[in-house]
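Descriptive structure summary
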Number of protein chains: 6
Amino acid sequence: MPLVQIKGISGVLTPEQKQDMIKKVTDAVLSVEGEGLRPVTWVMIEDVPSGHWGVGGDPVTTGQVRDMATAKQ
Amino acid sequence: MPLVQIKGISGVLTPEQKQDMIKKVTDAVLSVEGEGLRPVTWVMIEDVPSGHWGVGGDPVTTGQVRDMATAKQ
Amino acid sequence: MPLVQIKGISGVLTPEQKQDMIKKVTDAVLSVEGEGLRPVTWVMIEDVPSGHWGVGGDPVTTGQVRDMATAKQ
Amino acid sequence: MPLVQIKGISGVLTPEQKQDMIKKVTDAVLSVEGEGLRPVTWVMIEDVPSGHWGVGGDPVTTGQVRDMATAKQ
Amino acid sequence: MPLVQIKGISGVLTPEQKQDMIKKVTDAVLSVEGEGLRPVTWVMIEDVPSGHWGVGGDPVTTGQVRDMATAKQ
Amino acid sequence: MPLVQIKGISGVLTPEQKQDMIKKVTDAVLSVEGEGLRPVTWVMIEDVPSGHWGVGGDPVTTGQVRDMATAKQ
């Protein structure tokens, strides 16, 4: 019964990464909830256009998220 | 920048399981997105009251979800 | 696969009315989508506390919604 | 005051079916809430792209939903 | 920590107006919450296609919203 | 037609601050959209329980948000 909605900025993930995300998040959720709920576990990914998502008032772009994602820790 | 909203029926998970869920789903998301986004990865859990969530028109209860979760595969 | 989320102000509907709402909205959705999707049609009802929902800047209360609902047309 | 958000996979419904959905779901909601709330009943339909919605970890496509919708009962 | 999600009908606001919206809503939220939360204040704008948003059962179009927005008070 | 949903951690804002938030965010939205849309501008505030909202995998509590909100800049 868990419903998982994931929002990110469009253009950051490839279609393959989105499929991978759906699979891995489903597995993570079921490792806590119990495998019996797999048939009723929904995970959806929704893209927000570049520039439509502000942090502290400043819109964030696809390029900025990509740079953050791959920054050296 | 990923935002993850998880909805489930209230009373199914303990507070400890919810903390575990937040941690595991965050890790799953970042394994795809890249660890650089950890500080801007939000995961929130929202409970829907027992009986407020219908599947095919029939409300589902906390007890039914618990039974499904632990059913033998 | 349709997911329906209904938000209303808490205290307006009884538990019986919420069950009725889930049933009737599910039927309405499936009359358009096709009955084959019944097992994957989810309808959830979420209450927003009285005073937490503003229209034009003014918070609306449970009592005001009840009055509107039963007003003569 | 009811707010209804309906999500489905894009490409399943035609624009005419979406208008029909908005009308029928509004009527279903008001049959429970009371007709007095019609002017403040909002129904919105949001499409999720094919492949962005996973069930049990497997992405669902527009074609699969269409097949299910029209399957013999 | 506040998360703000704004939905409107697509085609009503220009990209510049959306940036202005993000900035002004962030400032409004922080004037109540306290400036210390600025780095964790997210505001996102999501467009709903013209005709996908019904009021009282009737779909609203981009043109109608524009007319209302600029109507004399 | 704008719909604004604000989520925060419960216990941070008083009822008076929530009313103030609804008013100020409505005004901010209409300063961009145009005053003609005031009657169809909805702002709702939804609380997420303390500990149900994780940042980077760590649940955030009401106390931590309060401390951040009032921290010296």
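Residues numbered from 1 in each chain as written. Chains lettered and ligands numbered in written order. Predicted model: local features only at pLDDT ≥ 70, side-chain atom pairs only at ≥ 80, totals over all residues. Heavy atoms only, no water.

Things to note about the overall build of chain A
- What chain A contains, in helices and strands, is two helices and four strands.
- Element order for chain A, N to C, with α for helix and β for strand: β-α-β-β-β-α.
- Compactness check: chain A gives a C-alpha radius of gyration of 15 Å against a globular reference of 11 Å for 73 residues, more than 25% above the reference.
- In terms of overall dimensions, chain A has C-alpha extents of about 40 × 25 × 20 Å along its principal axes.
- Going through the 73 residues of chain A one by one, you find that 59% of them count as buried.
- Taking all contacts inside chain A whose residues are at least 6 apart in sequence as the whole, residues at least 24 apart take part in 67%.
- Accessible surface, chain A as shown: approximately 2,900 Å² in total, 54% of it carbon and sulfur.
- Taken together, the 7 basic and 9 acidic charged side chains of chain A have centroids lying 4 Å from each other. (Helix = DSSP H or I, 4+ residues; strand = E, 2+ residues; numbered from the N terminus. Rg over C-alpha atoms; globule rule 2.2 N^0.38 Å. Buried < 20%, exposed > 50% of the residue type's maximum accessible area, 1.4 Å probe, protein only. Contact = heavy atoms within 4.5 Å. Areas by Shrake-Rupley, 256 points an atom, 1.4 Å probe, with all protein chains shown as cover. Lys, Arg positive; Asp, Glu negative; His and termini not counted. Charge placed at Lys NZ, Arg CZ, Asp CG, Glu CD.)

What about the sheet that holds strand β3 (residues 53–55) of chain C?
- With mixed pairing, eight strands are arranged side by side in an open sheet as β4(A)-β3(A)-β2(E)-β1(E)-β1(F)-β2(F)-β3(C)-β4(C). The open sheet has two edge strands with one neighbour each: β4 (58–59) of chain A together with β4 (58–59) of chain C.
- One ladder, built from three bridges, connects β3(C) with strand β2 (residues 42–48) of chain F; its direction is antiparallel. Across the sheet, the residue bridging to C:V55 is F:W42, located in β2(F).
- Lying over the sheet, helix α1 (residues 15–33) of chain E contacts β3 (53–55) and β4 of chain A together with β1 (3–9) and β2 (42–48) of chain E, oriented at roughly 135° with respect to β2(E). (Pairing = 2+ DSSP bridges. Axes fitted to C-alpha atoms, helices over the stretch in contact; angles between N-to-C directions.)

With respect to the relation of the copies chain C and chain D
- Turning chain C through 180° and shifting it by 0.0 Å along the axis lays it on chain D, with an RMSD of 0.0 Å. The superposition operator between the copies reduces to a two-fold rotation axis.
- Same-surface contact between copies: 100% of interface residues of chain C are shared with the interface of chain D. (Least-squares fit on C-alpha atoms with pLDDT ≥ 70 in both.)

Some thoughts on the packing of helix α1 (residues 15–33) of chain C against helix α1 (residues 15–33) of chain D
- Packing of α1(C) against α1(D) brings their axes to within 9 Å, and their N-to-C directions diverge by 160°. By the angle between their axes, α1(C) is roughly antiparallel relative to α1(D). Relative to α1(D), the crossing made by α1(C) is right-handed. Facing α1(C), whose interface residues are C:Q17, C:D20, C:M21, C:K24, C:V25, C:A28, C:V29, C:S31, C:V32 and C:E33, α1(D) presents D:Q17, D:D20, D:M21, D:K24, D:V25, D:A28, D:V29, D:S31, D:V32 and D:E33.
- Taken together, the residues of the contact of α1(C) with α1(D) sort by class into 10 nonpolar, four polar and six charged. (Parallel < 35°, antiparallel > 145°, perpendicular 65-115°, else oblique. Left-handed = near helix turned anticlockwise from the far one by under 90°. Nonpolar A, V, L, I, M, F, W, Y, C, P; charged D, E, K, R; others polar.)

Here we look at the nonpolar core
- Among the nonpolar cores identified, the biggest contains 152 residues, and A:V25, B:V25, C:V25, D:V25, E:V25 and F:V25 are the most heavily contacted of them.
- When near neighbours in sequence (up to four residues on either side) are disregarded, B:V25 contacts A:V25, A:A28, A:V29, B:V4, B:I6 and B:V43. (Core = buried A, V, L, I, M, F, W, Y, C linked by side-chain atoms within 4.5 Å.)

So, the interface of chain C and chain B
- Taken together, the 15 residues of chain C in the interface contact 10 residues of chain B.
- Of the roughly 1,100 Å² buried where chain C meets chain B, counting both sides, 57% is carbon and sulfur surface.
- For the pair chain C and chain B, the interface holds one salt bridge.
- If you look at where chain C meets chain B, you find five residue pairs in polar contact (both at pLDDT 80 or more). (Buried area = accessible area lost by both parts, 1.4 Å probe. Salt bridge = Lys/Arg side-chain N within 4 Å of Asp/Glu carboxyl O. Polar contact = N/O pair within 3.5 Å; in protein donor to acceptor, adjacent residues only side chain to side chain.)

As for the pairing of β2(E)
All names here are of chain E.
- Counting buried positions along β2 yields six of seven residues, so the element is predominantly enclosed.
- Relative to β2, β1 is paired through seven bridges, and the arrangement is parallel. Its bridge partner being in β2, Q5 is matched across the sheet by M44.
- Since β1 and β2 lie parallel, the crossover through α1 that links them has a hand, and here it is right-handed. (Right-handed = clockwise from strand over helix to strand, strands pointing away.)

By themselves these figures say nothing about function.
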